[in-house]
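Structure at a glance
Take a look at the letters that make up each chain.
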Amino acid sequence: MEKINAGLIMLAEMEERLPPSERKVATYILEHPTKAIKMTAVELGEASNTSGAAVIRLCKSLNVSGIQELKLRIAGDLQREKVDDRDIEPNETLKSIVEKVTTQSSQILRETADLIDEKELLKAVTSLSQAKRIFFFGVGASGIAAMDADQKFLRINKNSMALTDLHLGATAVVNAGEGDVVVGISFSGETHEVAKILEIASETPATTISLTRYGNSLVSSLADICLHTSPNVEATFRSGATSSRLAQLHVIDILFMCVATSSYEQTINYLDKTRSVIQNLHKKVAKRKK
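Here the structure is a predicted model, which is why all the values come from computation and not from measurement.

Examining the nonpolar core
- Counting 28 residues, the largest nonpolar core has L128, F153, V183, I209 and L255 as the members making the most contacts within it.
- For this core, the secondary-structure elements that each account for two or more residues are α8 (118–130), β1 (134–137), α9 (141–155), β3 (181–185), β4 (207–213), β5 (225–229), α13 (242–262) and α14 (264–280).
- Looking at this core, the element that brings in the most residues is α13, giving 6 residues.
- Those residues in contact with L255, other than ones at most four positions away along the chain, are L121, A124, V125, L128, F153 and L227.

Following this line, the structure appears as structure tokens:
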């Protein structure tokens, strides 16, 4: 099933990274989205002073099936109510802050869902389901997402490890073998430490997965499987990675649920065991008879 949103996000994020002719087409669509969705590839090429071939190449660069999917996504964007992405202001009321943060969070989750490539997601889920060991690596706020992923996958008896230190990460990943999976998490996609870990992992038989903002990046170029979050840029007061962290956790949740569903009965058993042992942790420890 074709996605019905995120066309304008994809174009805006990729615009500056496209070859000249494709960039002209992208710029025209961004400036005239309502007109563009009524045009054929040839008409779009003429309107943007390029060619129908440039339009087709743009679709390939965006990793969409063709002009029809791109127009469908853009049409979906135009039907969606525009969100006012204003930053928090001095002496803002509590009610206003609650509303702004909630609206922004809802938007980032929806945009991230729209940008998920189902083929890449399936490959990631298959690799994680069959993994002997899983290494989640991230630094800073992305380290929080790595630790959350580790906690979730441990609960279903996956041999998982969260790493947030470059030296420890390199030590662990350099010995990765066939069946191991290394997941590099970086919102910008340019984090040096994450790129280095995936570079090291690429020299091993392990499968590598990247989780970055949408678009081409250093981190995603080093991964076998690429997953993306919304590229929505943080406003000043949200520069503590509020939205980006939420988007990363959203994808981690999706991965976890997909892996859990692939072996449902066994997963339920593991979750019941972990829930039971956690509940019993605070019970008084009984003395053992010698």
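Examining the packing of aromatic side chains
- Going through the model one piece at a time under the given rule, you end up with 2 aromatic pairs.
- Pairing F136 with F153 gives two aromatic rings, centres 5.5 Å apart and planes at 40 degrees, and the pair type is tilted. Linking F136 in strand β1 with F153 in helix α9, this pair joins segments that are 17 residues apart in sequence.
- What makes F153 buried here is its relative accessible area of 0%.
- Seen in terms of ring centroids, F153 and F256 are 5.9 Å apart; in terms of plane orientation they differ by 85 degrees. Their pairing is edge-to-face. Residue F153 is found in helix α9, and its partner F256 is found in helix α13; the two are separated by 103 residues along the sequence.
- Residue classification places F256 among the buried positions, given a relative accessible area of 10%.

Some thoughts on the environment of G169
- Checked against the element boundaries, G169 lands in helix α10 (residues 166–173).
- On the basis of relative accessible area, G169 is assigned to the buried category, the value being 0%.
- Remark: the alpha-carbon pair of G169 and I200, spanning 31 residues in sequence, is separated by 9.7 Å.
- Sequence-distant contacts of G169, that is, excluding residues within four places in its chain, are made with F137, L163 and I197.

Cut-offs used in this document
Residues numbered from 1 in each chain as written. Predicted model: local features only at pLDDT ≥ 70, side-chain atom pairs only at ≥ 80, totals over all residues. Heavy atoms only, no water. Core = buried A, V, L, I, M, F, W, Y, C linked by side-chain atoms within 4.5 Å. Buried < 20%, exposed > 50% of the residue type's maximum accessible area, 1.4 Å probe, protein only. Helix = DSSP H or I, 4+ residues; strand = E, 2+ residues; numbered from the N terminus. Contact = heavy atoms within 4.5 Å. Phe/Tyr/Trp six-rings, centres within 6.5 Å; stacked < 30°, edge-to-face > 60°.

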